[in-house]
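# Fold and contact review
Take a look at the letters that make up each chain.
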Amino acid sequence: MEIHFWGAARTVTGSAHYLQVNGSTILLDCGLFQGRRKDTYTVNRSFRFPPPSIDAVLLSHAHIDHSGNLPNLAKHGYEGPIYATHSTVNLCQIMLKDSAHIQESDVRYVNKRRAQRGEPLVEPLYTQDDAQKAIGQLEKVEYNTPFEVVPGVRASFVEAGHILGSAAIVLDIEEKGRTSRLWFSGDIGRPNMPILKDPVKPFNTDYLLMECTYGDRPHPSYERACEDLQQVLSRTLGRGGKVIIPAFAVGRTQELVYAIHRMMDAGDIPTLPVFVDSPLAVNATDVFRLRPQDFDQEAREMIRDDVHQAALGFDRLTYIRSVEESKELNMRKDPMIIISASGMMEVGRVLHHLRHNISNPKNTLLIVSWQAPHTLGRRMIEGVRQVKIYGEVYENKIEVRNIQGFSAHAGQDFLVEYAMSLEGRVKNIFLVHGEKRGAYPLRDLLQQKGLQNVHFPKRNDTVHL
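Scope of this entry: the structure provided in the associated data block. (Residues numbered from 1 in each chain as written. Predicted model: local features only at pLDDT ≥ 70, side-chain atom pairs only at ≥ 80, totals over all residues. Heavy atoms only, no water.)

## Focus: helix α6 (residues 222-238)
Under the 1.5 Å per step criterion, the end-to-end length of α6 is 24 Å for 17 residues, consistent within 8% with the ideal 24 Å. Among all positions in α6, only Y222, A225, C226, L229, V232, L233, T236 and L237 are buried. Down the axis of α6, the smallest arc covering the buried residues is 130°, so these residues share one side. In α6, the exposed residues that point more than 90 degrees away from the buried face are Q231 and G238. (Helix = DSSP H or I, 4+ residues; strand = E, 2+ residues; numbered from the N terminus. Expected span 1.5 Å × (residues − 1). Buried < 20%, exposed > 50% of the residue type's maximum accessible area, 1.4 Å probe, protein only. Arc of directions from axis to C-beta.)

## Section: the sheet that holds strand β6 (residues 138-141)
Taken in spatial order, the seven strands of this open sheet run β6-β5-β4-β3-β2-β1-β22, and their pairing is mixed. The open sheet has two edge strands, β6 and β22 (462-464), and neither has a second partner. On average, each strand axis in the sheet is tilted by 25° relative to the strand beside it, whichever way the strands run. In terms of strand pairing, strand β2 (residues 16-21) meets strand β3 (residues 24-28) through five bridges, oriented antiparallel. (Pairing = 2+ DSSP bridges. Axes fitted to C-alpha atoms, helices over the stretch in contact; angles between N-to-C directions.)

## So, the pattern of salt bridges
Applying the stated criterion across every chain, the model contains 22 salt bridges. One salt bridge in this structure joins E119 and R117, with 3.2 Å as the shortest N-O distance. Taking the shortest distance from any N to any O, the salt bridge between D172 and R181 comes out at 2.7 Å. Judged by relative accessible area, which is 30%, D172 ranks as partly exposed. Each member of the salt-bridge network shares a partner with another, and the members are R235, R239, E399 and R401. (Salt bridge = Lys/Arg side-chain N within 4 Å of Asp/Glu carboxyl O.)

## As for empty space enclosed by the protein
Here the structure, examined in full by the defined rule, presents two cavities of 30 Å³ or more. Its boundaries defined by the atoms lining it, the largest cavity holds a volume of some 80 Å³. Contributing to the lining of the largest cavity are V12, T213, Y214, R217, W370, E435, R437 and G438. For the lining of the largest cavity, the class distribution of residues is three nonpolar, two polar and three charged. Taken as a whole, the second largest cavity encloses approximately 40 Å³ of empty space. Together, A8, S15, H17, H66, F184, S185, G186, D187, E211, V432 and H433 line the second largest cavity. (1 Å grid on protein atoms, 1.4 Å probe; cavity = no way out; pocket = protein on both sides within 12 Å on 5 of 7 lines; lining within 4 Å. Points joined across faces, edges and corners; volume = space filled by probe spheres on them. Nonpolar A, V, L, I, M, F, W, Y, C, P; charged D, E, K, R; others polar.)

## Some details on the packing of aromatic side chains
Pairs of aromatic rings are described using the distance from one ring centre to the other and the angle between the two planes. What the rule picks out here adds up to ten aromatic pairs. Measuring from centroid to centroid gives 5.7 Å for Y222 and F406, while their planes differ by 85°, and the two rings are edge-to-face. In this pair, Y222 sits in helix α6 while F406 sits in the loop between β19 (399-402) and α13 (412-420), placing the two residues 184 residues apart along the sequence. Each of the two residues, Y222 as well as F406, counts as buried. Measuring from centroid to centroid gives 6.4 Å for F288 and F295, while their planes differ by 50°, and the two rings are tilted. Assigned by exposure class, F288 and F295 land together as buried. (Phe/Tyr/Trp six-rings, centres within 6.5 Å; stacked < 30°, edge-to-face > 60°.)

## What to know about the side chain of S326
Topologically, S326 is positioned in helix α10 (residues 323-329). Among the residues examined, S326 registers a relative accessible area of 7% and is labelled buried. With residues near it in sequence (within four places) discarded, S326 still touches D277, I320, R349 and H353. (Contact = heavy atoms within 4.5 Å.)

## Here's the deal with the packing of helix α4 (residues 86-116) against helix α8 (residues 279-290)
Orientation of α4 relative to α8, taken along the N-to-C sense of each, is 165°, at an axis distance of 9 Å. As summarised for this structure, α4 and α8 are arranged roughly antiparallel, according to the angle between their axes. At the point where α4 passes α8, the crossing takes the right-handed sense. Contacts between α4 and α8 involve S87, N90, L91, I94, M95 and D98 from the former and L280, N283, A284, V287 and L290 from the latter. Residues that form the contact of α4 with α8 fall into these classes: seven nonpolar, three polar and one charged. (Parallel < 35°, antiparallel > 145°, perpendicular 65-115°, else oblique. Left-handed = near helix turned anticlockwise from the far one by under 90°.)

## Section: the sheet that holds strand β21 (residues 454-455)
Across the sheet, which stays open at both edges, the seven strands sit in the order β7-β8-β9-β10-β11-β20-β21 with mixed pairing between neighbours. If you trace the sheet from one side to the other, it starts and ends with β7 (147-150) and β21, each paired once. Here β7 pairs with strand β8 (residues 153-159) via three bridges, running antiparallel. By the bridge assignment for β8, F147 is matched with A155.

Structure below.
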């Protein structure tokens, strides 16, 4: 048995690892690498392995850095099954189409510029047709239901608590008369967070592949994050300003809607208009409503007791799909909350809301997600004085606030607890989906606690088990 580390090795995006066992090959995730634009096309376009050689794909969850290269895999000849939980399949059906639309739109814009300069045109990484092909290969599997992936390997999905449908992937393997268990964490969520069930910690496991995004630090508590959110909203709305919140369409948007709903019901913030302005977020919220059985008990009770019978809907909330409705928000001067994608402000409608509101100090840009280096979101946190949006320069006078405690990833404290659940049993731990600053402190801490075989593999590393 061999594990090949391909994506999200010593970096946070592009999750993809493949396992060769009993003459078969299993791919764990197939995500898009996200980074400097000049690098992403090359990295995402090529595979270390011939796609037709893969026998099965197991998908931990729907976020694009874990699922977003599936259309490219299908484009290059993979025709087998892509197994995932029900909610992950439902989300991928909209997210992969949206990703393909972005790929096509970006290339149209780039090719217009290249044509003007007499340069050769480029092709999109994949198209809507490629996305539809991959969607047709998705197969739904219930949580905690073992099934045979390839001969000698049975898989099951267990709750990861990261986003709706997220799962750790458990592989029970029989090879040459020897049995073992490999546990791939996917993205590990945080206990006691709203809407989602708590992550299941690994058990009876020989080999653990686990994420280490925040292996260097714990998070502020969710309760503290909600207090900070309440203060920012009350202060900005009280002075007549708008609050612009860039948020990822899947997970963070629904979490914010849930929190704001509870605050307005309790009278903790002014009852003023709230808009979710992201077609993908609107569609994703519809998917959330399809699977209330995936919610935690608190969210199910809120749905039961709420007049709207919905945790993600209330009187002052409007979900916006059309471009015309989105534009109308920027003509209004009254105080409001606008939640819009994308979360790092590199693309999407949030850029239009920012450029219309960035010069007014009454307004607030509220950032509630991790911002990658070189993104507009990171530069806004760093306090740049001028910002270029769609080729125009704007003076940055908007108040910028950054709240840390809404992360959907486990912090150092729970990552340690997660790994230590295998104390005395696990043979090797491989830290993935993290940079050096997260991996090394976590590795050192786990070793201090007695887990000795903790590794931080590089891209293209192969380990024989």
